[in-house]
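Remarks on the overall topology
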Amino acid sequence: MYLFSQKAYSHDLYMHWKHSRVLISLLPSLSLPLCPSCLSSTHAPPPLIPLGPPVSSLSLSAQLGLCFQNLYEHEKAIALFEEDKVIMEETGNRGGVGWVMGNIALSLAEMGQNNKATRMFQKSMAISEKVGDKEAVCNASCNLAECLACAGEYADAVRHFKKAFQLAKDIDNETKADISAMGVGVMLRLQVLAEPAADPAAMPEYEVPLDFDNLADPLHLATSAKLEASLQGRILDPRLLEAIHHLATALAGGQGLARLHLAHAFFDAGLEDSATGFLQQYLARRVKHARTWCGGCGQTRSEDSPMLTCGGCGVVRFCSAEHQKMASKREHFGRSFNEKHKDMCGLLGKWRSKVVKDGLPEESLNEDMIAYLRNHNL
Ligand SMILES: [Zn+2]
Ligand SMILES: [Zn+2]
């Protein structure tokens, strides 16, 4: 699942095309699959919400390619994007070539062809840089960072997320900046786990930057982690401190998922009270918002959408059995910042039955939370 793909709108796109008989008759070789999001076709299609370049400005093949991409039919998507690429090249639309190569790379990555996807993202980024499209470079940097993380190249992943963060700031896109900040935090944590410092005291100290516009959580959390560790006579790995700062920045910007990563980061730092505190907040919100969110593809769904509920926890819902598999098979955090549901299922089930239903105090699950954090460090 890629951060800046357009999955949130797959259902809309699908309905749009499904009701567009003329278009389908023009493309007899393509049979649209059943919508995995909504098995009913009786209600009217929701309004199409364009994202990225206006959908109407894209070629027919690009539009349909996006549709298939969002339905995880990546081979069909790539074939259509390749057609679009030829059109873009013939018409001399360099920016368009960069955009469509980015989408081919996305589909390759989703198909598990990480090396090919990495090269394609790099080419796409180089073109977008040449034409000066900062937004496209920002997206490509994020997606490239995820590919690098999947290959275990965390230092490069950090570098690309930082680049995306800066570009997002340049173009005043706060949401992308916050998602990129979360990427920096997660990747720094993974880097510390993969390459632990022999002597944190010998590393250059991370100075939490003083950001007077945003003095709330990020500064407070990172400095308090540093302080608490030093009270225990320990020096934290400066990369971990930097990770906490970036994750807290993402949380302050509204990225609720950062709570899960902050729980892991504080646990890594040996600060268990803060770790369980963040995990409690995460679990509470997870249960509260489970109804309208697919734990597999990450799409937000309407209240009345037919969805499957996980039999294990009775909390998490999925668009389809396919999306349920996706949530538990997720092999690497690099490709998504969401929980791996198989690891979280038991704890979520206990939270629902003991805290939400029986009204026990949140702290009663502290032991289970510590066990989760110890056994599943990603
Ligand atoms: Zn789904
Ligand atoms: Zn479950």
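None of these values were measured; they are calculated from a predicted model.

Some words on the overall build of the chain
Looking only at helices and strands, the chain features 16 helices and two strands. Here the chain, with 378 residues, has 46% of them falling under the buried criterion. Taking contacts inside the chain between residues at least 6 apart in sequence as the whole, the part at least 24 apart equals 61%.

Brief notes about the nonpolar core
Grouped together as the largest cluster of nonpolar side chains are 95 residues, with contacts concentrated most on Met187, Ile244, Leu247, Leu262, Ala263 and Phe266. The greatest single-element share of this core, amounting to 11 residues, is contributed by helix 7 (residues 134-150). The next biggest cluster of nonpolar side chains, apart from the first, holds seven residues, and it includes Cys294, Met307, Phe318 and Met326.

Re the packing of helix 4 (residues 74-90) against helix 5 (residues 94-110)
Relative placement of two packed helices is described by the angle separating their axes and the distance separating the axes. Where helix 4 contacts helix 5, the axes come no closer than 9 Å and their chain directions differ by 165 degrees. When the axes of helix 4 and helix 5 are compared, the pair comes out roughly antiparallel. Crossing handedness for the pair helix 4 and helix 5: left-handed. On the side of helix 4, the interface is formed by His74, Ala77, Ile78, Phe81, Asp84, Lys85, Met88 and Glu89, while helix 5 contributes Gly96, Val97, Val100, Met101, Asn103, Ile104, Ser107 and Glu110. In terms of residue class, the contact of helix 4 with helix 5 is built from eight nonpolar, four polar and four charged.

Here's the deal with the environment of Met369
Summarising the element assignment, Met369 is placed in helix 16 (residues 366-375). Sequence separation between Met369 and Gln280 is 89 residues, and the spatial gap between their C-alpha atoms is 8.3 Å. When residues no more than four places from it in sequence are discounted, the contact partners of Met369 are Thr276, Leu279 and Leu347.

Section: helix 7
Since the α-helix packs 3.6 residues into each turn, any two residues three or four apart lie on the same face. Spanning 17 residues, helix 7 covers 25 Å between terminal C-alpha atoms, matching the ideal 24 Å at 1.5 Å per step. Of all 17 residues in helix 7, 15 are buried; the element is thus mostly enclosed.

Looking at the environment of Met125
Of note, Met125 is situated in helix 6 (residues 114-131). With 25 C-beta atoms counted inside 10 Å, the residue Met125 sits in the buried group. Separated by 24 residues in the primary sequence, Met125 and Met101 place their C-alpha atoms 9.0 Å from one another. Apart from the residues within four sequence positions on either side, Met125 is in contact with Val137, Ala140, Ser141 and Leu144.

Brief notes about unusual backbone geometry
Here the phi dihedral of Asp172 falls at roughly 60 degrees; this positive angle occurs in a residue that is not glycine. Residue Asp172 is classed as exposed on the basis of its 8 C-beta neighbours within 10 Å.

A few points about the packing of helix 3 (residues 60-70) against helix 4
Here helix 3 crosses helix 4 at 160 degrees, and the two axes come no closer than 8 Å. It follows from the interaxial angle that helix 3 and helix 4 lie roughly antiparallel. The crossing of helix 3 and helix 4 is left-handed. Contacts from Ser61, Ala62, Leu64, Gly65, Phe68 and Gln69 in helix 3 reach His74, Lys76, Ala77, Leu80, Phe81, Glu83 and Asp84 in helix 4. A breakdown of the residues in the contact of helix 3 with helix 4 according to their chemical character gives six nonpolar, four polar and three charged.

Structural notes on the confidence of the model for the chain
Taken as a whole, the chain shows an average pLDDT of 81; of its residues, 80% reach a score of 70 or greater. No element of the chain has a lower mean pLDDT than helix 2 (residues 21-26), at 36, and none a higher one than helix 8 (residues 154-170), at 95.

Brief notes about helix 5
Helix length check: helix 5 (17 residues) gives 25 Å between terminal C-alpha atoms against 24 Å at 1.5 Å per residue, within 8%. Burial of helix 5 is extensive: 14 of the 17 residues sit out of reach of the surface.

A closer look at the environment of Val97
Along the polypeptide, Val97 turns up in helix 5. We classify Val97 as buried; it has 22 C-beta atoms within 10 Å. Apart from residues lying up to four places away in sequence, Val97 is in contact with Lys85, Met88, Glu89 and Ile127.

The rules we used
Residues numbered from 1 in each chain as written. Chains lettered and ligands numbered in written order. Predicted model: local features only at pLDDT ≥ 70, side-chain atom pairs only at ≥ 80, totals over all residues. Helix = DSSP H or I, 4+ residues; strand = E, 2+ residues; numbered from the N terminus. Buried ≥ 20, exposed ≤ 12 C-beta atoms within 10 Å, placed from the backbone. Contact = placed C-beta atoms within 7 Å. Core = buried A, V, L, I, M, F, W, Y, C linked by C-beta atoms within 7 Å. Axes fitted to C-alpha atoms, helices over the stretch in contact; angles between N-to-C directions. Parallel < 35°, antiparallel > 145°, perpendicular 65-115°, else oblique. Left-handed = near helix turned anticlockwise from the far one by under 90°. Nonpolar A, V, L, I, M, F, W, Y, C, P; charged D, E, K, R; others polar. Expected span 1.5 Å × (residues − 1). pLDDT = per-residue confidence, 0-100.

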